[in-house]
Amino acid sequence: MIVPLLAILLATRVCGALAVRVGQPRAVGEITAGLALGPSVLGALAPAAQRALFPPAQLGALQTLSQLGVLLFLFTVGLRLDVGGVRAHVRTAVSTSLASMVLPFGLGVALAARLPAELVGPRASAGTFALFVGTALSVTAFPVLATIVAERGLERTRLGTMALAAAAADDVIAWCLLAAVLAATRAGGGGALAFATTVGAAL
């Protein structure tokens, strides 16, 4: 467990510093480090080395640790967020969120119609598959945005507050849409229960 963590910390520090040197947010370098150490690069070029560095038996623990880290980071972002500023501009944040989702959602739906039928699967219709692809392409990576906002020191500014509020609205809408897809592909009442639970939790 120690070796994978050291490799992750070293790679993210180096790639993050390089990203800053070329004028990019540190988060861009950290994501690049993840791609380099994952199956996309290291796993494709040297799969044995990638499995040795990240043994499959330890991936579950690493995933849990990473989710805990994201949770704690977003908690600290919430501590510094100007909630009063969000409440004062809820309409603007929601309208900005919806406007930012329209184009990628439409492009995703159009793309889904041109993808091979084998990708749809036996339990999903063409409509639910199009809804899934559109949602996947329009959702915001909230932790990445929060990292960039925090790195730039914008948490307490109107710009940073509005960006985080719009991204949060994006996530709520996207999870509700994904729950609708799940409800449409599940037989019986399980899908409806999952949809109701997701919407209720989002509210």
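Preceding this paragraph is the structure being described.
Residues numbered from 1 in each chain as written. Predicted model: local features only at pLDDT ≥ 70, side-chain atom pairs only at ≥ 80, totals over all residues. Heavy atoms only, no water.

Draft legend 1. Examining helix α1 (residues 2-21) more closely. Its 20 residues give α1 an end-to-end C-alpha distance of 29 Å, which sits within 8% of 28 Å, the value for a rise of 1.5 Å per residue. What α1 keeps buried is the set Pro4, Ala7, Ala11, Thr12, Gly16 and Ala19. For α1, the angular spread of buried residues about the axis comes to 145°, placing them on one side. Turned more than 90 degrees away from the buried face of α1 sit Ile2, Val3, Leu6, Leu9, Leu10, Arg13 and Arg21, all of them exposed. Close packing links the buried residues of α1 with α2 (26-37), α4 (47-53) and α5 (56-80). (Helix = DSSP H or I, 4+ residues; strand = E, 2+ residues; numbered from the N terminus. Expected span 1.5 Å × (residues − 1). Buried < 20%, exposed > 50% of the residue type's maximum accessible area, 1.4 Å probe, protein only. Arc of directions from axis to C-beta. Contact = heavy atoms within 4.5 Å.)

Draft legend 2. View of the nonpolar core. In this structure, Val77, Phe142, Ala146, Val149, Leu164 and Ala167 together form the largest nonpolar core, which totals 6 residues. Every element with two or more residues in this core is listed here: α9 (142-151) and α10 (158-185). Counting residues per element, this core draws most heavily on α9, at 3 residues. Beyond its immediate sequence surroundings of up to four residues, Ala146 is in contact with Phe73, Leu74, Val77 and Leu164. Formed by 5 residues, the second largest nonpolar core is a distinct cluster that contains Ala33, Leu37, Phe54 and Leu62. (Core = buried A, V, L, I, M, F, W, Y, C linked by side-chain atoms within 4.5 Å.)

Draft legend 3. The arrangement of the environment of Pro104 in detail. Inspection of the secondary structure puts Pro104 in helix α7 (residues 90-114). Owing to a relative accessible area of 23%, Pro104 belongs among the partly exposed residues under this scheme. Along the backbone, Pro104 and Arg26 are 78 residues apart, and their C-alpha atoms lie at a distance of 25 Å. With sequence-adjacent residues up to four places away left out, Pro104 is seen in contact with Gly134, Leu137 and Ser138.

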